[in-house]
Amino acid sequence: MSSVETLTENPVAVSGDHFVEVNYDDRIPNNVALSSDKQLQRALETWRPKYLDWWNDMGPEGFQESSVYLRTAVGVDPSGWAKFGFVKMPEYRWGVLLAPKIEGRTIPFGRHKGETAWQEVPGEYRATLRRLLVVQGDTEPASVEQQRYLGATAPSLYDMRNLFQVNVEEGRHLWAIVYLLVKYFGKDGREEAQALLERCSGQEDNPRILGAFNERTPDWLSFFMFTFFTDRDGKMQLAALAESGFDPLSRTCRFMLTEEAHHMFVGETGVQRTIEATCAAMNRAGIKDPNDVEAVRKLGVVDLPLLQRKANFHISVTRDLFGSEISSNAAETFSSGLKGRFNEANLKDDHVLADATYPVMRVADGKIVEEQIPALRAINARLLDDYIADCQGGVDRWNKVIEKAGIAFKFVQPHKGFNRKIGEFAGCRISPAGELLTEDQRLAQSGAWLPNDDDMRFIDSLMNPCREPGKYASWIAPPRVGINNQPGDFEYVKIY
Ligand SMILES: [Fe+2]
Ligand SMILES: [Fe+2]
């Protein structure tokens, strides 16, 4: 479908040859009074067909005509934000939704702490805020691009639907950030909105801004690891931005977080179901040793050590997204009141941090040590620590499944310094257990710590589509409950 057809689908007035007014309250679910802000409407009107072109070119490959059982957010109250129904993805109603305004909200941290939250962009912070928005916004279309080929190898219609749900919601997150850019940053914002559609994941001359978003997501294990570990970085960043003194950003992020929860659910349960299938197959075959990889692979399931290597890769690449642990830029965005800490409101300190310190792990004199650093400069280190703690809940739940099955294996998060390219441990050779290594030691072990060629070939051999309603590929167990409580044989995607 061309973008013009989509645009004219709900015309409220057609005058002259070219001018088509779209009923934005119909087309774009919103709670920002879009139809009364002509300038904003015009900006989004110009951007929307380009977004649709991007979606058609770079979004899910091959299923744009299929009907997908998706939830659409049409409002921010509990009854409005999860309307389920069949929709073709290009016709998804990407909305602009902000969490409700909190009357009398004040800036919760930094040098402006206690002042009334800003409804407009403070002039002195304009450039920093714009950069924060662009960096966050850039990750949203990037993940859609990374995941675009996965539909073809979905292990079930249920999983295919979950993939597309994540994809359309990342698209909506892009809308959310573009709304802020075009509403509050004039011409600069419109240019940034355009550039967000032009950068491209993995492309050499115009890549996405952050490293992890230029990695490939070549298979479903990567997808599940990505949505568990990397979408969780999204959660942490959004939570920190939800504290922002710039109120429209805070409200935008608060609503995005409700969607992020589902992405992490898809990741956590995806890995968990993979583990379940492995453990069940091992027990049926009487295989007790999780390291008997050859025997396990013959069963058409993923051996647990491989899953650990996959996790090691995604964990370490995602930790790099937090930036340098010690950062004067992060100190400044915090002190300015633009980006807070995770759970800022519940932290029991003065929220200004002029004299506080924070322990940061680093390498000094050939040893890994912990040093007290001024807390302001350690904002990124703290967010990373909070992230690692947040990941552990899911890892523990995965381990429970293995324990219940009576198999002796435990997933662990690698040491903070393992395989890092950014920050205190960049270029250091550290094992998952936290030992400093020589280059020879690292090279000798890297195939045991990160997915090796053999692993990738094996995973590839499993990635065969399974499209019969209610059926699942050998390597993954069915979910316990259907989406929106649908029955087991529900046809989540009607493929045309
Ligand atoms: Fe997102
Ligand atoms: Fe996400």
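This is a predicted model, so every value here is computed, not measured.

Around the iron ion (ligand 2), the donor atoms from the protein are Glu170 (OE), Asp231 (OD), Glu260 (OE) and His263 (ND1), and they sit 1.9 to 2.2 Å away. Here the iron ion (ligand 2) binds 4 donor atoms, and the angle range of 90 to 174 degrees at the metal identifies the geometry as irregular. If you list the donors of the iron ion (ligand 2) from N- to C-terminus, the spacing comes out as E-x60-D-x28-E-x2-H. Between the iron ion (ligand 2) and the iron ion (ligand 1), a separation of 3.4 Å is found, and both are coordinated by glutamate 170. Taken together, the residues glutamate 170 in helix 5 (residues 157–184) and histidine 263 in helix 8 (residues 247–285) connect sequence positions 93 residues apart.

This brings us to the packing of aromatic side chains. The full count for this structure, using the stated rule, is 31 aromatic pairs. For the ring pair tyrosine 51 and tryptophan 175, a centre distance of 5.5 Å and an interplane angle of 70 degrees mean the geometry is edge-to-face. Pair noted here: tyrosine 51 is in helix 3 (residues 38–58) and tryptophan 175 is in helix 5, with a separation of 124 residues, a long-range link. When sorted by exposure, tyrosine 51 lands in the same class as tryptophan 175, which is buried. Measuring from centroid to centroid gives 5.7 Å for phenylalanine 223 and phenylalanine 224, while their planes differ by 50 degrees, and the two rings are tilted. By relative accessible area, phenylalanine 223 is classed as buried at 0%. Phenylalanine 224 gets classed as buried once you look at its relative accessible area, which sits at 1%. Grouped by ring-pair contacts, the aromatic residues Trp47, Tyr51, Trp54, Trp55, Tyr92, Trp94 and Trp175 constitute a single cluster.

Attention now moves to the pattern of salt bridges. Evaluation of the coordinates by the stated rule reveals 34 salt bridges. Here arginine 111 and glutamate 332 are joined by a salt bridge, their closest N and O atoms 3.0 Å apart. Taken as a pair, arginine 111 in the loop between strand 4 (83–88) and helix 4 (126–146) and glutamate 332 in helix 11 (residues 328–335) lie far apart in primary sequence, 221 residues in all. Its relative accessible area of 37% is what places glutamate 332 among the partly exposed residues. Across the pair arginine 442 and glutamate 439 runs a salt bridge, and its minimum N-O distance is 2.9 Å. Taken together, the residues arginine 442 and glutamate 439, both in helix 13 (residues 439–449) and 3 residues apart, mark about one turn of the helix. Arginine 442 gets classed as partly exposed once you look at its relative accessible area, which sits at 29%. Relative accessible area serves as the criterion here: at 31%, glutamate 439 is assigned to the partly exposed category.

Parameters and conventions
Residues numbered from 1 in each chain as written. Chains lettered and ligands numbered in written order. Predicted model: local features only at pLDDT ≥ 70, side-chain atom pairs only at ≥ 80, totals over all residues. Heavy atoms only, no water. Donors = N, O, S within 2.8 Å, 3.2 Å for Na, K, Ca; no water. Tetrahedral: all angles 85-135°; square planar, octahedral: opposite > 155°, others 65-115°. Helix = DSSP H or I, 4+ residues; strand = E, 2+ residues; numbered from the N terminus. Phe/Tyr/Trp six-rings, centres within 6.5 Å; stacked < 30°, edge-to-face > 60°. Buried < 20%, exposed > 50% of the residue type's maximum accessible area, 1.4 Å probe, protein only. Salt bridge = Lys/Arg side-chain N within 4 Å of Asp/Glu carboxyl O.

As far as function goes, none of this settles anything; it's purely spatial.
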